[in-house]
Amino acid sequence: IHNVLAGYAKYSGQSVATLFGDIEKFYDNVGHVALQQGGEQVGFPKKLMEAYCGLYEGPRAIAFEKAVSEAFDAVGTILPGCSAATTMAKVLLFRLLKSTAKGFPSLHLKNVVDDVSIQATGSESFVATALARAGKWFANGIGKLGLPLSGVKTVFTASSASLGQK
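Residues numbered from 1 in each chain as written. Predicted model: local features only at pLDDT ≥ 70, side-chain atom pairs only at ≥ 80, totals over all residues. Heavy atoms only, no water.

A separate point is the nonpolar core. Side chains of a nonpolar character, in soluble globular proteins, are inclined to be buried together. By size, the foremost hydrophobic cluster in this structure holds 37 residues, and its most contacted members are Phe-26, Leu-35, Ile-78, Leu-107, Ile-118 and Leu-147. Ranked by residues supplied to this core, first place goes to helix 5 (residues 85-103) with eight residues. Aside from chain neighbours lying at most four places away, what touches Leu-35 is Val-30, Met-49, Cys-53, Ile-78, Met-88, Val-91 and Leu-92. (Core = buried A, V, L, I, M, F, W, Y, C linked by side-chain atoms within 4.5 Å. Buried < 20%, exposed > 50% of the residue type's maximum accessible area, 1.4 Å probe, protein only. Helix = DSSP H or I, 4+ residues; strand = E, 2+ residues; numbered from the N terminus. Contact = heavy atoms within 4.5 Å.)

So, about the environment of Leu-109. Looking at the element boundaries, Leu-109 is found in strand 6 (residues 108-112). When its relative accessible area of 21% is taken as the criterion, Leu-109 is described as partly exposed. Sequence-distant contacts of Leu-109, that is, excluding residues within four places in its chain, are made with Leu-97, Thr-100, Ala-101, Ser-117 and Ile-118.

Here the focus is the packing of helix 5 against helix 6 (residues 124-144). One can describe the packing of helix 5 onto helix 6 by two numbers: an axis separation of 10 Å at closest approach and a directional angle of 160°. Viewed along their axes, helix 5 and helix 6 adopt a mutual orientation that is roughly antiparallel. Helix-helix and strand crossings are classified by hand; for helix 5 and helix 6 the assignment is right-handed. In contact with Leu-93, Leu-96, Leu-97, Ser-99 and Thr-100 of helix 5, helix 6 contributes Trp-137, Phe-138, Gly-141 and Ile-142. When its residues are assigned to classes, the contact of helix 5 with helix 6 shows six nonpolar, three polar and no charged. (Axes fitted to C-alpha atoms, helices over the stretch in contact; angles between N-to-C directions. Parallel < 35°, antiparallel > 145°, perpendicular 65-115°, else oblique. Left-handed = near helix turned anticlockwise from the far one by under 90°. Nonpolar A, V, L, I, M, F, W, Y, C, P; charged D, E, K, R; others polar.)

What follows concerns the pairing of strand 6. Pairing geometry for strand 6 and strand 7 (residues 115-122), over five bridges, is antiparallel. Its bridge partner being in strand 7, Asn-111 is matched across the sheet by Val-116. Between strand 6 and strand 7, which pair antiparallel in sequence order, lie two residues; one of them, Val-113, sits at a positive phi of approximately 50°. (Pairing = 2+ DSSP bridges.)

Under the definition given, this model contains three aromatic pairs. Here Phe-26 and Tyr-27 contribute two aromatic rings whose centre-to-centre distance is 5.4 Å and whose plane-to-plane angle is 65°, an arrangement assigned as edge-to-face. You'll find Phe-26 and Tyr-27 in the same group, each marked buried. Relative to Tyr-56, the ring of Tyr-52 has its centre 6.1 Å away and its plane inclined at 20°; by these criteria the two rings are stacked. Of this pair, Tyr-52 and Tyr-56 both sit in helix 4 (residues 46-57), four residues apart, roughly one helical turn. (Phe/Tyr/Trp six-rings, centres within 6.5 Å; stacked < 30°, edge-to-face > 60°.)

The subject of this paragraph is the packing of helix 3 (residues 32-42) against helix 5. With their axes 8 Å apart at the nearest point, helix 3 and helix 5 run at an angle of 70° to one another. With respect to helix 5, the element helix 3 is oriented roughly perpendicular. For the pair formed by helix 3 and helix 5, the contact residues are Ala-34, Leu-35, Gly-38, Gly-39, Gln-41 and Val-42 on the first element and Met-88, Val-91, Leu-92, Phe-94 and Arg-95 on the second. Tallied by class, residues from the contact of helix 3 with helix 5 come to seven nonpolar, three polar and one charged.

Following this line, the structure appears as structure tokens:
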């Protein structure tokens, strides 16, 4: 999407920048209290959420070919192979993404599981200011959910070096 917006911005004489946010080890860091609160706030069925959290807290073992580990307890995670894992990600992030979109309606927000992109086009000063504010808003919201942003995979790309410096 950044490349499409960059092409449009170049054609129309505007600046463009994208903030790519990645939540580090998302499924390993999801707290069940935050997940249940998020579910309640978006109207996810309480009994179903309790069932998923119970499943996620159960003993696990890792199997590879003929080898199997000893069982271990995993507390405060989402089971990555679970058919509802991406739904749980949406439940947890929905309110933050919605509030970010509402607070910054001129920006383009995209989300795939734990990856979020926030994009802006316009004058260089608008793009720098809007994306900085939206990025801070988003990072603070992720922090309130008890999730860490990846220091390696969270990146900023801009259509010019001067925009990147702002």
